[in-house]
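# Working through the structure, step by step
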Amino acid sequence: MSTTMRMIELKKVFTVGKSLNGLGAVLFAWHPDGSYLACSGSSRIVNISNRQGEPVAEIPLQGQCLALDWDKDGEVLAVLQRDSGIVPLWDAHQHKVSNLDTNMKDLTFLKWSLTGPQLAIGNVKGNLLLYNKRTLKKVPILGKHVKRITCGAWNADNKLALASEDKQVTISNADGDTINQTMLKSEPTNMRFSATKVDRLDSGRVEEGEKSIVAAVMNKRTLLLYNTEDPANPIELAFQPKYGAIATYRWFQAVHLLLGFETGYMVVISTEPSEVGEEKVSIKAHQGRLVDLALAPAINRVATCTAKEIMICDLVTSSWSELQREYAKLPDELGELQSLGWTADGTMLTVTADSGNLHCFLASLPCLCSTAGLRYASLSSLQEITVVGGPGFVAADCGVQLPVTINISLEPALLALGSEHVAIAMNNTAIYYSQRTVQPVLEREYPGSIDSLKLNARFAAALSEGAVHIHPLPNHDGSEGQGGSGVFPDSTVRDVTSIALTSDFLVFCTRRGSVHYFGLEDWAFVSEFRHKEPIISVFPNELGTRAVFVDASNGVFVYNPVAEEATPVPAVGNGAITSCLWDASQRGVFVLSDGRVFHTCVYAQSTMAGERVEVVGSAQVNSVANPVVVSGGQLVYQNTTGAMQTLVLPSHERVLAAEGGVHLLSKEAQLEAVEQNLKLCRYDDAWRVAEQLDSPSIYTQVAHAALRSLELGLATRVYRKLGDVGMVLSLQKVALLEDAKLLSAYVAMSFGRPTF
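Report follows, based on the coordinates. (Residues numbered from 1 in each chain as written. Predicted model: local features only at pLDDT ≥ 70, side-chain atom pairs only at ≥ 80, totals over all residues. Heavy atoms only, no water.)

Packing of helix 3 (residues 667–679) against helix 4 (residues 683–693) brings their axes to within 8 Å, and their N-to-C directions diverge by 160 degrees. As judged from the angle between their axes, helix 3 and helix 4 are roughly antiparallel. With respect to the hand of their crossing, helix 3 and helix 4 are arranged in left-handed fashion. For the pair helix 3 and helix 4, the contacting residues are Lys 667, Gln 670, Leu 671, Ala 673, Val 674, Asn 677 and Leu 678 in the first and Tyr 683, Asp 685, Ala 686, Val 689, Ala 690, Gln 692 and Leu 693 in the second. (Axes fitted to C-alpha atoms, helices over the stretch in contact; angles between N-to-C directions. Helix = DSSP H or I, 4+ residues; strand = E, 2+ residues; numbered from the N terminus. Parallel < 35°, antiparallel > 145°, perpendicular 65-115°, else oblique. Left-handed = near helix turned anticlockwise from the far one by under 90°. Contact = heavy atoms within 4.5 Å.)

This paragraph deals with the sheet that holds strand 17 (residues 168–172). Here four strands make up an open sheet; going across it, the order is 15-16-17-18 and the pairing antiparallel. Each having just a single partner strand, strand 15 (149–154) and strand 18 (178–183) make up the two edges of the open sheet. The average undirected angle you get between the axes of adjacent strands in this sheet is 15 degrees. Judged from the five bridges that link them, strand 15 and strand 16 (residues 160–164) form a sheet pairing that is antiparallel. Looking at the pairing, Gly 152 lines up with Leu 162 of strand 16. (Pairing = 2+ DSSP bridges.)

So, on to the pairing of strand 59 (residues 634–638). In terms of burial, strand 59 is a largely internal element, four of the five residues being buried. Taken together, the five bridges between strand 58 (residues 626–631) and strand 59 define a ladder with antiparallel strand orientation. By the bridge assignment, Pro 627 is partnered in strand 59 with Tyr 637. The turn linking strand 58 back onto strand 59 is made up of two residues, and Gly 632 within it adopts a positive phi angle of 60 degrees. Note that strand 59 and strand 60 (residues 644–648) share five bridges and pair antiparallel. Residue pairing for strand 60: Tyr 637 is matched across the bridge by Gln 645. (Buried < 20%, exposed > 50% of the residue type's maximum accessible area, 1.4 Å probe, protein only.)

Our focus in this paragraph is the pattern of salt bridges. Using the criterion set out here, one finds 27 salt bridges in the structure. Note that Asp 73 is salt-bridged to Lys 133, the shortest N-O span being 3.0 Å. Remark: Lys 133 occurs in the loop between strand 13 (128–132) and strand 14 (138–141) and Asp 73 occurs in the loop between strand 7 (65–70) and strand 8 (76–81); sequence separation between them is 60 residues. Residue Asp 73 is classed as partly exposed on the basis of its relative accessible area, which comes to 34%. What makes Lys 133 buried here is its relative accessible area of 12%. Between Glu 275 and Lys 280 there is a salt bridge whose closest N-O contact spans 3.3 Å. Salt bridges sharing common partners tie together Asp 71, Lys 72, Asp 73, Glu 75, Lys 133 and Arg 134. (Salt bridge = Lys/Arg side-chain N within 4 Å of Asp/Glu carboxyl O.)

Put into structure tokens, the structure is as follows:
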């Protein structure tokens, strides 16, 4: 297994210091959507802050905090405190605290359900209380265990597994009824169910059976796999002696376990029935004692720490073949690191130390990006946008000097870039900034939550509650811009699914299966197409002369708004197509993506067979990628951490190499360059490389390809080079025909319907 290692410097967002937490260990819990962080130490106060570190609330406690847990909806924070039967409940909407009296002493366990409104609370005597936040009903269950309840977990079926010092595991339903009970040879700790929605890295469904596996650590040396459907046959996994004691573990991709050992090893094992316990990865992550491990499924990263060092790495889910490791130290932290945690979206990494300090670092950026021509805008920090040029960008073509950096007032959910403006949106509010003055020029509220936001030089279009709201953009000084405004469709049925803006058109599609072109100059609809299925998304080229749309069955089509006809694209891969980029430097070339695979497609308007689309190449990346801009086969995409990366598409590798010097390529590479240029309909470039090869068979190949696309000028030139006078004369006779179908017929007759 290959690895790469490098030192990095983590960008600190904020610190909740020991003056608030008190000296010693700190417990913390992120809100499910990352909007709040709750933490508490020896100070007997729970400090709640927003993701910028600004204080939101304080909850005074009667005893030291033992546990913090948010419910699945992020509505209520529950706090477990020492020497008290009261559980404080903090309402995240009203910012108020209510006290839940359990009527129990010496509470030891607290956990919200993953799927329901239940809160489970256990105590030192083995008693259990189930509290329903909706009905406010409390259900006490005496004698669930005979000794202290030490740990537990809920699964996606709303079943509760509990472990106790009595060495027993109980499985209960949402009402607290015991389904089964099993005696073990030692006390289990750190219990976790597999295949919860939180733990999964993909959006696939949870398979039946996977929800029933619970893992627990036994004596810090072995790992117990307990199947709630087969409680009589638990599996206990032992590990190589060199690994030592288990520090902690996490479920990974439902059927894999990621374990951290105190000796510094990190190991991934499978729990598939055919390979239970089989090691997939084993790596010495640290030389010192590994203290904690935290997984960020949203960005496919894991963080581990020793007392003085943090390691962050990407896990390659496709092959387990490569692990990239980044190490960081905290020079400002004098204490020893104790625990780690991520926000659900993977943007923030939280670290605590025994000094009482809690530090939050920006570990990745949200994958927000928008493109306008060869320029793109993305987040350079949580409240900063940077606009830069992509491959092939020429500064003289842009009226704004790049890069442009804009400080924004909030962390956005949406980002849009136009030629003169940048816009951000959160909920139902959009704020528009001038790229020239980098100042806000308009703040606008829409009737509902904004699902999509698009800009051009003069207009903004927002998709909200199934309708498109279009209005003029203000000038750079904030004065009112020129142009009309409106809401589409104007009927009572508002089912718009996707929108786009070109310089001249507003383009949108609907669940009824229609694509609409609205002319911004004449302020009228100019084209409409009815498809047989609902249309999910639409992606016009820069001028709007063609648009790719994707329907509900993952069918992809190229729409011609003049002829009001759609040309199907051959099926590509198995994933749902989520994005499409038109090549900014070559007409007719576009790239489809399902988030992991990029498919290069070529649309040809005039061929002997009419309008055609061909898929000419594919490229796969290791993790989820957000394509940003493509030009001349160079694709810029945003990875899961928000960083930009550039990929040369395989369909263009030899083309770009030939542009660097045809004579420098081997004969085999030149032949491949000819083939790639022909597939991409770059006939002049293919001819240029063919001249270097100077082969009659290659000339014929170029001539035939040119004829298929009715490029008679180039075909005539090639046949003249070949000395084929008859073909030259035949082509000259039909070259002036304007009817493409008639021209195709004459070309076919000239060859007796060629099969090339």
